[in-house]
Each structure stands twice: as structure tokens, then as C-alpha cells.
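# Summary of the model geometry
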Protein chains: 2
Amino acid sequence: MKDIAGLDIPTYDDVVAAHERIRPYIHNTPVLTSTTFDEMSGASLFFKCENFQKAGAFKVRGACNAVFGLSDEQAARGVATHSSGNHALSLSYAAGRRGIPCHVVMPGTAPEAKKAAVRGYGGQITECEASTTSREAVFAEVQEATGADFVHPYNDPRVIAGQGTCSRELMEQVEGLDAVIAPIGGGGMVSGTCLTLSEIAPHVEIYAAEPEQADDAFRSFRAGHIIADDAPQTVADGLKVPLKERTWHFVSSYVTDILTASEDEIVDAMKLTWARMKIVMEPSCAVPLAVILKNPDVFRGKRVGVIVTGGNVDLDKLPWMKS
Amino acid sequence: MKDIAGLDIPTYDDVVAAHERIRPYIHNTPVLTSTTFDEMSGASLFFKCENFQKAGAFKVRGACNAVFGLSDEQAARGVATHSSGNHALSLSYAAGRRGIPCHVVMPGTAPEAKKAAVRGYGGQITECEASTTSREAVFAEVQEATGADFVHPYNDPRVIAGQGTCSRELMEQVEGLDAVIAPIGGGGMVSGTCLTLSEIAPHVEIYAAEPEQADDAFRSFRAGHIIADDAPQTVADGLKVPLKERTWHFVSSYVTDILTASEDEIVDAMKLTWARMKIVMEPSCAVPLAVILKNPDVFRGKRVGVIVTGGNVDLDKLPWMKS
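Conventions adopted
Residues numbered from 1 in each chain as written. Chains lettered and ligands numbered in written order. Predicted model: local features only at pLDDT ≥ 70, side-chain atom pairs only at ≥ 80, totals over all residues. Helix = DSSP H or I, 4+ residues; strand = E, 2+ residues; numbered from the N terminus. Rg over C-alpha atoms; globule rule 2.2 N^0.38 Å. Buried ≥ 20, exposed ≤ 12 C-beta atoms within 10 Å, placed from the backbone. Least-squares fit on C-alpha atoms with pLDDT ≥ 70 in both. Contact = placed C-beta atoms within 7 Å. Core = buried A, V, L, I, M, F, W, Y, C linked by C-beta atoms within 7 Å. Pairing = 2+ DSSP bridges. Nonpolar A, V, L, I, M, F, W, Y, C, P; charged D, E, K, R; others polar.

## Remarks on the overall build of chain A
Helix and strand counts for chain A come out as 14 helices and 12 strands. By the compact-globule yardstick of 20 Å for 323 residues, chain A fits well, its C-alpha radius of gyration being 18 Å. By residue count, 55% of the 323 residues in chain A fall in the buried class.

See the structure below:
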């Protein structure tokens, strides 16, 4: 950990320590390739399948690092968070593995499948409105009442260090990558990617992919400061949250570019992945592929790592089905 | 190849030769595990993911073995088949890789996604009715007109030897298996499994899983002779076809038991696999898991290889969605 302008910013040593700490509780997820998508993109794509991760998403990396780094005294009071879904699942999973309570504030509008899964892992849910402001207000009440340790979904150095273990694995699994691309919401995965690659592979380009309808990171990147939207609407429901100061540090320092895709492009890429790669991925994970297919000049001829961030989907409400 | 009662029956040498022949054109597919399903079943399950196979199903193994074993003279006249879908895709893929024509007779009721994929691989489709009798009649006309080599979806020694390469890989990937289970329609995959395991691992039990609503193999197994149904109805549309003499040879000689599952049990197992394993599998592939969950006494405590036969699904018509 180092201090940058008053912020506790994780270092690569924290990633290495996180990897040792969380290894018993996570999968080293497989990397899949697709002849179809290589032909469509003109690039060589390596899909790091965090949809196969424990609790169904990469977020279990950061959550486990936070939970298993707590002192016994801290741990006894449990952990708490607010989340649009996957961080809630992951923190509940991690807390369950340690045998401590997990309090979760999440929007009443979150997919039923995610709420049921949180409860399945033993998480206790308090519902809030879908806006960021409501979520933060309700959360303050819950934390006050329980004394639980707050594990922010992304603006937490323990979480960012944990997410950094994903690209550490990817670099061991695939040789000669030219670029890595991940979806960006709050920026936890992108920050972890920046943290790891800036240390062990600084020549690798880092792209972030974002929905046009929740393009606050795209606009922040161009403006040079954080721009936050309250409650944007997109099918990629994991990507609605804004950057915070710690993720902004990494995004502004190390990201090559942020590219965006429309709702239709995201849904098309999601359905295409299910149809051709035979894997279940969330809408959020389809944004990188949508962006790659939309910007062939950026990626053609490159070896590109694509972080498939999660696979927690409400199978009764697929975005290409007319309701 | 050996002669048994006038039938050309493949031997394990044919499996080894097939494996060498087809290796450039197929994937050695990964084996996935699932903590959830291990806990639900009390067994250790190893899913051989042929849904990630070229052309989306195991059938490409037998199809490639047939196509690449042809003489140049035979190959010039092309290949032809009738199929409920995946064999058609696979033969089209194999013929395309060799650069020869592929003629396909398939039911007009087959999923649009499968027809489009056959055409995408260059296959030429002639449609028939959904019954076995109609399919065979229309096929005779096509073969007469083209002179193409007939590659039956399963009652062909080249195809059975090709399918036998799947469990050959599985035995290299997983140690100490007690049993292998695969869905059964015409019996091609089950026969290939019998062929390989009876030679290299004769202690391993072989189970076949079949829909209750298309349980002709189950009834044949108990009756001691082939019973064929014409046009049974089941969501597992790859499993509607009856056993033929070559697959009956293997099924009657080597299968431990055939177990069945209802339509609801199949759909539940399919949806559960998508939700928990994050893989896209066909209804047919869900029959083994449905059978395992239904018969815990048979599988508890065993290490069981589960052949996930294919992932070609019409994503616009999922069986748990009300239309």
C-alpha cells in the first residue's frame, strides 16, 4: 500500500499477497478461444472466463481478499456492502467461507436470481432505491446498526488488489498479449488490471468498454476528472455505477482508451457469444466484444485478452426475448 | 473392423486410427466440475464439454472420421446424410474442411438456428417430414440423384469409431472414473463409449440416459431386441431416433443400465446447468444430469464422467420460457 495524495493505493505486492490469501477460495478460471470471433474481429481473442468463477463473477477475488484479511476481532462483527449484484454475491460467499455475517444493501429492482443467490450464500439483504444516492443513504443506516466492516464494491484498496489477481493469471495463461480489455462500471476490475499490468507487463495496452447509455467513465476520461451519473439505464446492469477516487487514480494513469457500445450492440454481442461460444455471460461482459467488433482498426492483428466478468443472468428475462 | 453376424463392427484400433485422422479438425474439449452438482448428487461429476466442440457437438468426431477416410474419388461425389440437426452441422463442417459437397435431409420442423448453421457451413438442405420413415424416403431420392457417400448419423462403423475418441480423451483427462453417462438417441455416442471403455477400462460402468417420452432404447434394453418408435415427441430433440443394428450390438453388450427422465426433469436440469455452470447445453445433454439427480443411490460416492453432447440451441425458443 502506498499513499498518493492522501489515498491508500494498493501496490503490486498487495496483488501478490492477495493471490496467496484467496487461492483456496477461488478458481484459476480457464481461457477460451473462438475461431468465429477471431475471424470476425481480425484479432486473436483470449477470453478469461470469470463467469466460471466461484459465485459466478470476478468480484469474489476482491471480496475474498477483504474478508480473509480481517483480524478475528473485526471479522466477528461481519462485513457489509452495497452492490448492484455480483459484489453482494461474492461478499456473501466469502463471508460464508469464513463463517461471519454479511449485510447487503441492494436495489429492489435487482434481478430476482441475484437476490436469491445472495440469500443462498447466507447474505442478509436490505433493499434500497435504484439510485446511487439512495443506496449510499440506506447503507449508512445498516452499517451504523451492525458495526460491520464496509467492503466497497470497488473503491477499496483490498478489493482492487484482489481484482488484480485476474490479469496476473491471464498473463501466465497466454503468451504475447498486446492488449487487455474489460468492461468498466465503477472501475474495480480495470483498476486491478492496471495495477498488475503496469508492474509486470507495462507494454500491454489496457482498454475499458462501457455502455453508451452509462458512459460516465468515457466522459470522465476525456474531461480529466470524475463525472458521475445518478441511476443511468442500461441492459449492462453491472456497469451503472460511477468511478470513485481510487479507481480514477488507476483509470486516469494507465488506461489506453475507453470505448463505448450501444444497447443493441451489447445485446447482439451477448447473444452471439451464447450461440457460438456456448457460454452464459452477463450483458456487462458482452460490452468488450461489442466494442472489439465495432472498432476493428483498433484491435486487428493484436492478441487481446478479454475479461468475461461474470455469468449471473436471470434466465427468465433474457434481453433478446420480447416480454 | 471385425465381422459380427454379418455386420461390420469397429474395433478399438479403428478408434485410435480415427483419433489420428480427425485431430487437426476437432478440439480436445475441456472437462468442467461443479461444486453445486457434486453436493446435489453426492457424486463427483466430470463434465466432458462437447458443447464447446467444433460445430457445437460431439458428432463432428464421427463425421470427420468418415469424411477424411474417403478416397479422393469417393470424396469428389460428396457426402450425404439425414439428421435431426447436429450430425448435419458436423458433416457439413467436415465436408467444408475437405472442400467437398454435403447433402443434408432434415425435418422442416428442425430449429431454424440449426438449419442456418448447416447452410453457414455450406451444407445443402432438402427438407422432409419429422418422422423417421419420411426422412429415410426423401433421403433415398437425394442419394440417387447425387451419388454421394451415405454417412448415417450413427449406424456407421466410421461414425461409431469417431465418437469413441471422446471417452478416450476423457479417460486421459480424469483419473479413477467409476462410471460414464451419456444421453442415448440412436446410440452413436453410447456405442463409441462402449467400444473405447470395453477395451481400455472395462471396469467402468456405462449408463445411458433417455427421455421418458422417447424411451425406445430403455424398452429395447429390457426386451432384448430393438424397439423403434416413429416420431416420438420430446424437448430433447436430438434423442428421438431409434437404435439400429450396429449401435444395438454395443448397447446390448456393454451398457450397465438405461435410465429415464421426464420432460420437466430434463428442462429443470438444463436450466440449472445454465444457471450454475454458466454453459449453454442442449436439452438432450441435460438428460444425464436429470437422471443422476433422480437416482442418487446409483451414483452416490462415484466418480462419474458426464458427456455434455452439444450446445446448439435456438436461443429464441428456450424450453422454460412460456411462448
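## Topic: the relation of the copies chain B and chain A
Mapping chain B onto chain A leaves a residual RMSD of 0.0 Å; the transformation is a rotation of 180 degrees accompanied by 0.0 Å of translation along its axis. In short, the pair behaves as if placed about a two-fold rotation axis. Scanning chain B for the C-alpha nearest the rotation axis identifies B:Ile279, at a separation of 2.2 Å. Same-surface contact between copies: 100% of interface residues of chain B are shared with the interface of chain A.

## Points about the nonpolar core
A:Val180, B:Val180 and B:Ala208 are the most contacted members of the largest nonpolar core, which has 194 residues in total. Residues in contact with B:Val180, not counting those within four places in the same chain, are B:Ser167, B:Leu170, B:Thr193, B:Leu197, B:Val204, B:Ile206, B:Gly305 and B:Ile307.

## Regarding the pairing of strand β9 (residues 179-183) of chain B
Residue and element names in this part refer to chain B. With 5 of 5 residues buried, β9 lies mostly within the body of the structure. Burial along β9 is two-sided: Ala179, Ile181 and Pro183 facing one way and Val180 and Ala182 facing the other are all buried. Direction of pairing for β9 relative to strand β10 (residues 205-211): parallel, over a ladder of 5 bridges. The residue bridging Pro183 from the neighbouring strand is Ala209, located in β10.

## Observations concerning the environment of A:Pro111
Residue and element names in this part refer to chain A. Its location among the elements puts Pro111 in the loop between β6 (102-107) and α6 (112-120). For Pro111, a count of 19 C-beta atoms within 10 Å gives the class partly exposed. Between the alpha carbons of Pro111 and Gly188 there is a distance of 21 Å; along the sequence they are 77 residues apart. Beyond its immediate stretch of four places on either side in the chain, Pro111 contacts Gly85 and Asp314.

## Observations concerning the interface of chain B and chain A
Accessible area lost upon the coming together of the parts serves often as the stated size of an interface. With 14 residues of chain B at the contact, the number on the chain A side is 14 residues. Across the side of chain B that touches chain A, the residue classes tally to 9 nonpolar, 3 polar and 2 charged.

## A short note on the sheet that holds strand β5 (residues 79-82) of chain B
Residue and element names in this part refer to chain B. Within the open sheet, the 4 strands sit side by side as β7-β6-β5-β8. Their pairing is parallel. In this open sheet, the two strands that pair with only one neighbour each are β7 (124-128) and β8 (149-150). The sheet contact formed by strand β6 (residues 102-107) and β7 spans 5 bridges and is parallel. Bridge pairing in β7 links Val104 to Ile125.

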